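Single-letter residue listing:
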Amino acid sequence: MASAITTLAEDAPTLSAANTGFMLICSALVMLMTPGLAFFYGGMVRVKSSLNMLMMSFISLGIVTILWVLYGFSLAFGTDSGSLIGWSSNYVGLSGIGITELWDGYTIPVYVFAVFQLMFAVITPALISGALADRVKFSAWALFITLWVTVVYFPVAHWVWGAGGWLFELGVIDFAGGTAVHINAGAAALGVILVIGKRVGFKKDPMRPHSLPLVMLGAGLLWFGWFGFNAGSWLGNDDGIGAVMFVNTQVATAAAMLAWLAYEKLRHGTFTTLGAASGAVAGLVAITPSGGSCSPLGAIAIGAIAGVVCAMAVGLKYKFGYDDSLDVVGVHLVGGILGSLLVGLFATGGVQSDAAGLFYGGGLEQLGKQAVGVFAVLAYSLVASAVLALLLDKTMGMRVPEDDEVSGIDQVEHAETAYDFSGAGGGSSLRSTAVPTPVAAASKKVDA
């Protein structure tokens, strides 16, 4: 008996400084994705809505961080209850956790795991905001985030990643968030926009991006941060799985960008910067659930499929009449579905687990499990998000008045504008008061 106890003690994981440092860096990279998303979305809207778009992402950093510490981590990763939710009193307020206490089965502290997962919880509701551009009260959005992460994100995270969660126990593979993050956010976006309706002038007025350089900057920050998002999700760097995921993230993103551009050229005759940025994000979304189970050749296929299908999907809003302002449904929902289901085809059985997809002799079993995960999260998030939006709309109202939407939500909700042209005239004070300069005159004609 004594020898057995000694053996168990020797086999128990010990804190790894290397893995701990690696995961702290990955956590910081994932945190950077939320400001990156803010720039990506902020450049895609019109001038009069750009600050509001930035703030809809940044406020998630504040709200979700506090909720995660108070009770979110406990709900998502506490002791399982009925395979639907978790709870551990020592996780409430993160007050009962020792500074060197390890996450079960790993070589990193619980604190490190908690802060890494916090960054996932932060960016998920921020993703939703892109579908609601130009028309939502900031106070209503802040309250929606509070309710949504509590009712939707924390339980779904437990289903997918928590020990005892029903999708986790079923064997659904989601390496870094195809279901819990992207399908969850995309379905929520669809649920909310079906409740709050279209922007004023949808399908009539031009609603072009006001700053494509900002869009490209945001896409670049997302691509950079996504290496932490994906490679870090293996929670260590000892066995090479994280390295495979890192490579697959780069490969799939490149393939999706090229595929989107090729589709764009064939369909519309041009290669656009917005297409390049959107294609890259589509590839990042699709490889998120699947990259830990496929080879680099499989990652190329997954990225290329996502690039073409998501490019086609963004036009569905015009066909079906739902106003998904910045293509959250077309990129995140569709990309998340594709990436999750393609695990059932491209999983090699030799990377993160021995589960093999159809193309590697595994039959349809894993594809069936993936489909259950996809449609369970989609249905729950769609319905719950629509109900929350309806509740808020009927009580405090989710939309700004139509006049405020037309004049500009930045000024109404934040008393600020993104660009100040008042000092653009130059010249002497006498000239600037007596005769308007060409620049000053032109600034009055800027299309808001």
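Everything below is about the structure shown above.
Here's a quick rundown of the structure.

The rules behind the values
- Residues numbered from 1 in each chain as written.
- Predicted model: local features only at pLDDT ≥ 70, side-chain atom pairs only at ≥ 80, totals over all residues.
- Heavy atoms only, no water.
- Helix = DSSP H or I, 4+ residues; strand = E, 2+ residues; numbered from the N terminus.
- Buried < 20%, exposed > 50% of the residue type's maximum accessible area, 1.4 Å probe, protein only.
- Contact = heavy atoms within 4.5 Å.
- Areas by Shrake-Rupley, 256 points an atom, 1.4 Å probe, with all protein chains shown as cover.
- Axes fitted to C-alpha atoms, helices over the stretch in contact; angles between N-to-C directions.
- Left-handed = near helix turned anticlockwise from the far one by under 90°.
- Nonpolar A, V, L, I, M, F, W, Y, C, P; charged D, E, K, R; others polar.
- Phe/Tyr/Trp six-rings, centres within 6.5 Å; stacked < 30°, edge-to-face > 60°.
- Parallel < 35°, antiparallel > 145°, perpendicular 65-115°, else oblique.
- Expected span 1.5 Å × (residues − 1).
- Bend = angle between axes of the 7 residues up to and from the residue.
- Lys, Arg positive; Asp, Glu negative; His and termini not counted.
- Salt bridge = Lys/Arg side-chain N within 4 Å of Asp/Glu carboxyl O.
- Polar contact = N/O pair within 3.5 Å; in protein donor to acceptor, adjacent residues only side chain to side chain.
- Patch = residues over 30% accessible without salt bridge, like charges linked within 9 Å, V, L, I, M, F, W, Y side chains within 5 Å.
- Core = buried A, V, L, I, M, F, W, Y, C linked by side-chain atoms within 4.5 Å.

Assigned secondary structure in the chain consists of 18 helices and 2 strands. Overall size of the chain, expressed as C-alpha extent along the three principal axes, is 95 × 50 × 45 Å. For the chain, with 448 residues in total, the buried portion stands at 54%. Long-range pairs, those at least 24 residues apart, make up 75% of the contacts in the chain with a sequence separation of at least 6. For the chain, the exposed area adds up to about 18100 Å²; of that, 67% sits on carbon and sulfur atoms.

With that settled, consider the packing of helix 11 (residues 296-313) against helix 13 (residues 328-346). Across the interface, helix 11 lies against helix 13 with an axial gap of 9 Å and an inter-helix angle of 145°. Between helix 11 and helix 13 lies a crossing of right-handed hand. Contacts between helix 11 and helix 13 involve G298, A301, I302, I305, A306, V309, C310 and A313 from the former and G330, V331, V334, G335, L338, L342 and F346 from the latter. Per-class residue counts for the contact of helix 11 with helix 13 are 12 nonpolar, 3 polar and no charged.

In this section: the packing of aromatic side chains. Here the structure, examined in full by the defined rule, presents 26 aromatic pairs. Through pairs of rings, three or more aromatic residues link up here, namely W68, Y71, F73, F77, Y91, W103, F113, W148, Y153 and F154.

Tracing the backbone shows A219 in helix 8 (residues 212-231). Ignoring any residue separated from it by four or fewer positions in sequence, one finds A219 in contact with F40 and A277.

Moving on, we get to the packing of helix 9 (residues 241-268) against helix 10 (residues 273-290). Helix 10 packs onto helix 9 with a crossing angle of 140° between their chain directions and a minimal axis gap of 7 Å. Taken together, helix 9 and helix 10 sit at an angle that is classed as oblique. As for how helix 9 packs across helix 10, the hand of that crossing is right-handed. Here M245, N248, T249, A252, T253, A256, M257, W260, L261 and E264 of helix 9 come into contact with helix 10, specifically with G275, A276, S278, G279, A280, A282, G283, L284, I287 and T288. For the contact of helix 9 with helix 10, the class distribution of residues is 11 nonpolar, 8 polar and 1 charged.

Turning our eyes to something else, we now look at helix 8. For helix 8, spanning 20 residues, the distance from its first C-alpha to its last is 29 Å, which sits close to the expected 28 Å at 1.5 Å a residue. G225 marks the point of greatest bend in helix 8, at about 30°. Listing the buried residues of helix 8 in full gives V215, G218, A219, L222, W223, G225, W226, F227, G228, F229, N230 and A231. The elements touched by buried residues of helix 8 are helix 2 (17-44), helix 4 (110-129), helix 7 (178-196), helix 9 and helix 10.

By secondary structure assignment, the location of D410 is in helix 16 (residues 409-414). Look at D410: it is buried, it has no salt bridge, and the nearest opposite charge is K48 at 10 Å. Within the structure, D410 has its side chain in polar contact with the backbone nitrogen of N52 (distance 2.8 Å). When sequence neighbours within four positions are dropped, the list of residues in contact with D410 reads V47, K48, S49, S50, L51, N52, A415, E416 and A418.

Side chains of L84, W166, L170 and V372 sit close together on the surface and give an oily, nonpolar patch of about 310 Å² of accessible area. By the element assignment, W166 lies in helix 6 (residues 166-170).

Applying the stated criterion to the full structure yields 7 salt bridges. In this structure, R135 engages D323 in a salt bridge whose closest nitrogen and oxygen atoms are separated by 4.0 Å. Of the two residues, R135 is situated in the loop between helix 4 and helix 5 (138-161) and D323 in the loop between helix 12 (316-320) and helix 13; the sequence distance between them amounts to 188 residues. Residue E405 is joined to R399 by a salt bridge in which the shortest nitrogen-to-oxygen separation is 2.7 Å. Given the relative accessible area of 4%, E405 is considered buried. Its relative accessible area of 21% is what places R399 among the partly exposed residues.

A separate point is the nonpolar core. Judged by nonpolar contacts, the single largest core of 123 residues is most densely connected at F73, L132 and Y153. For this core, the leading source of residues is helix 5, giving 15 residues.

What follows is about unusual backbone geometry. In most cases, non-glycine residues show a negative phi, while peptide bonds are predominantly trans. Phi is positive for L94, which is not a glycine, with a value near 50°. Looking at the element boundaries, L94 is found in the loop between strand 2 (85-87) and helix 4. Phi is positive for A415, which is not a glycine, with a value near 55°. Here A415 is to be found in the loop between helix 16 and helix 17 (429-434). Under the relative-accessibility criterion, A415 is labelled exposed at 58%.

The residue L147 is located in helix 5 in this model. Counting along the chain gives 20 residues from L147 to L167, while the straight-line C-alpha distance between them is 23 Å. With residues near it in sequence (within four places) discarded, L147 still touches L388 and L392.

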